[in-house]
Amino acid sequence: MFTDLPEAALREFRSAVSRPDDFDDFWARTLAESRAARAPQTSRPFRSPLTAVEISDLEFSGFGGDRIRAWVIAPAGAADGPPLPAVVEYLGYGAGRGNPLSHLLYASAGFVHVVVDSRGQGAGRGQATGHTPDPHGAGPSFPGKMTAGIEHPDTYYYRRLITDAVLAVDEVRALPIVDAARVGVVGGSQGGALAIAAAALCDDLRAAVAFVPFLSDVMRATTITNENPYAEIAHFLANQRARVEDVATTVAYVDGVNFARRARTPVWYTVALMDPICPPSTVFASFNEYAGPKQITVWPYNGHEGGGIEDRALSLEVFTTALA
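Predicted model only: the values in this text are computed from it and were never measured. (Residues numbered from 1 in each chain as written. Predicted model: local features only at pLDDT ≥ 70, side-chain atom pairs only at ≥ 80, totals over all residues. Heavy atoms only, no water.)

A. Molecular detail of helix H11 (residues 309-322). Between its first and last C-alpha atoms H11 spans 20 Å; for 14 residues at 1.5 Å apiece the expected length is 20 Å, and the two agree. Within the sequence span of H11, burial applies to Asp 311, Leu 314, Ser 315, Leu 316, Val 318 and Phe 319. Tucked into the core, H11 has its buried residues touching strand S4 (84-90), helix H3 (105-108), strand S6 (178-188), strand S7 (207-211), strand S8 (267-272) and strand S9 (294-299). (Helix = DSSP H or I, 4+ residues; strand = E, 2+ residues; numbered from the N terminus. Expected span 1.5 Å × (residues − 1). Buried < 20%, exposed > 50% of the residue type's maximum accessible area, 1.4 Å probe, protein only. Contact = heavy atoms within 4.5 Å.)

B. Main features of the pairing of strand S1 (residues 42-46). Of the strand pairs in this sheet, S1 and strand S2 (residues 53-61) are connected by five bridges, and their pairing is antiparallel. Following the sheet pairing, Arg 44 is matched in S2 by Asp 57. Counting the residues in the hairpin turn of S1 and S2 gives six residues. (Pairing = 2+ DSSP bridges.)

C. Structural view of the pattern of salt bridges. Evaluation of the coordinates by the stated rule reveals 19 salt bridges. Linking Asp 24 and Arg 262 is a salt bridge whose minimum nitrogen-to-oxygen distance equals 2.9 Å. Highlighted residues: Asp 24 in helix H2 (residues 23-36) and Arg 262 in helix H9 (residues 256-262), separated in sequence by 238 residues. Through salt bridges that share partners, Asp 66, Arg 119, Asp 134, Arg 160 and Asp 164 make up one connected network. (Salt bridge = Lys/Arg side-chain N within 4 Å of Asp/Glu carboxyl O.)

D. How the structure looks around the sheet that holds strand S3 (residues 67-75). Spatially, S1-S2-S3-S5-S4-S6-S7-S8-S9 is the arrangement adopted by the nine strands of the open sheet, whose pairing is mixed. Each having just a single partner strand, S1 and S9 make up the two edges of the open sheet. If you compare each strand with its neighbour and ignore which way they point, the axes differ by 20 degrees on average. Contacts between helix H5 (residues 190-201) and the sheet are confined to S4, S6, S7 and S8, with S6 contributing the most and set at about 140 degrees to the helix. This element, helix H10 (residues 280-287), spans S8 and S9 of the sheet and lies at about 165 degrees to S8. (Axes fitted to C-alpha atoms, helices over the stretch in contact; angles between N-to-C directions.)

E. Examining H5 more closely. With 12 residues, H5 extends 16 Å between its outermost C-alpha atoms, agreeing within 8% with the 16 Å of an ideal straight helix rising 1.5 Å per residue. Burial within H5 is extensive, with 12 of its 12 residues counted as buried. Those residues of H5 that fall on the buried side of the exposure criterion are Gln 190, Gly 191, Gly 192, Ala 193, Leu 194, Ala 195, Ile 196, Ala 197, Ala 198, Ala 199, Ala 200 and Leu 201.

F. View of the side chain of Thr 222. By the element assignment, Thr 222 lies in helix H6 (residues 218-224). Within the structure, the side chain of Thr 222 is placed 2.6 Å from the backbone oxygen of Met 219, a separation counted as a polar contact. Residues within four places of Thr 222 in sequence aside, it is in contact with Tyr 230, Ile 233 and Ala 234. (Polar contact = N/O pair within 3.5 Å; in protein donor to acceptor, adjacent residues only side chain to side chain.)

G. Region of interest: the packing of aromatic side chains. Evaluated as defined, the whole model comprises 15 aromatic pairs. Judged by centre distance (5.1 Å) and plane angle (65 degrees), the rings of Phe 46 and Trp 71 are edge-to-face. With Phe 46 in strand S1 and Trp 71 in strand S3, the pair connects residues that are 25 residues apart, well separated along the chain. On the basis of relative accessible area, Phe 46 is assigned to the partly exposed category, the value being 28%. Residue class for Trp 71 comes out buried when judged on its relative accessible area of 5%. Taking 5.2 Å as the distance between ring centres and 80 degrees as the angle between the ring planes, the aromatic pair formed by Tyr 269 and Phe 287 counts as edge-to-face. Residue Tyr 269 is located in strand S8, and its partner Phe 287 is located in helix H10; the two are separated by 18 residues in the primary sequence. With relative accessibility at 9%, the residue Phe 287 sits in the buried group. Taken together through their ring pairs, the aromatic side chains of Phe 23, Phe 26, Trp 27, Tyr 253 and Phe 259 make up a single cluster. (Phe/Tyr/Trp six-rings, centres within 6.5 Å; stacked < 30°, edge-to-face > 60°.)

H. Representation of the nonpolar core. Core analysis: the largest hydrophobic core is formed by 78 residues, its most contacted members being Tyr 90, Met 146 and Tyr 158. Sorting elements by how many residues they give to this core places helix H4 (residues 157-173) first, with 10 residues. Judged by nonpolar contacts, the second largest core, of 14 residues, contains Phe 111, Ala 272, Leu 314 and Leu 316. (Core = buried A, V, L, I, M, F, W, Y, C linked by side-chain atoms within 4.5 Å.)

I. How the structure looks around the layout of surface pockets. By volume, the second largest pocket amounts to about 220 Å³. Lining the second largest pocket are 14 residues, and of these Ser 43, Glu 54, Ser 56, Val 72 and Ile 177 lie nearest its centre. Within the residue set of the lining of the second largest pocket, elements represented by two or more residues are S1, S2 and S3. Of the residues belonging to the lining of the second largest pocket, the class tally is nine nonpolar, three polar and two charged. (1 Å grid on protein atoms, 1.4 Å probe; cavity = no way out; pocket = protein on both sides within 12 Å on 5 of 7 lines; lining within 4 Å. Points joined across faces, edges and corners; volume = space filled by probe spheres on them. Nonpolar A, V, L, I, M, F, W, Y, C, P; charged D, E, K, R; others polar.)

J. Looking closely at empty space enclosed by the protein. Taken as a whole and judged by the stated rule, the model has one cavity of 30 Å³ or more. Counted as a void, the largest cavity has a volume near 50 Å³. With three residues, H4 is the single largest residue contributor to the lining of the largest cavity. The residue inventory of the lining of the largest cavity, partitioned by class, reads six nonpolar, one polar and two charged.

Given below as structure tokens:
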């Protein structure tokens, strides 16, 4: 069944999320500190029987200089031709980068495809194993990542993950096989949230695609769905009763609504009206505030799977045009 407002009301919905006065300074400081801690990227070939693509295991500096892993999947012979456009992909909640043979779509269409691992995730999503630790400690938290370090914006897990996402774009632009002027970002759910953040924090991205994006209008989401990951915050606050204000302050620094308000990258969202995990009003909360060129595809009868392969086909159309 529909999990939220009717579509007409969703298109008019406006979020009450407030923007911290130092939002831009917070992210400028965060990114500058992590860029200053950068060490050179490294890359190792990944052997596979595939002949149409070449795969490498990239390691680069993310938040605080922490080493982050990513797959680079490129059309065979990319190093011998002109630099190619690149698609940087971020992953859903709980997923790691897994096996590179699971990520062949974009390279098959002629793009350099970079699949960024999610620090501290990838232990609970089937074969999507993660290879990147999160070496930072945190205070009390509910199982999962939503409340790790949530007592302060500086210690919050998503500060680190979003920084990794932005610095991944820096590193992809430095790859010799990539045309630095033709880079786009894509992701679903948590990955969609990271794509929106990158669209706001990276200079001159050509396009962003966010499938059923997570992490928008976060505090409202905790009151309109019982599904994880948002319910992790609700469970946390049910026991940490005095921390509601502190939590609301922290999540405002990573909320997709606030990133949307400063983004100028052309974007395409998707949303599903039967989605109990990312309720549609939370997606529209971000989309309706998005300051750059934007489009949205609505899937009336789908849940958190969104448009499935149709979303992927849509993203190929977007990137084929935007990264030409």
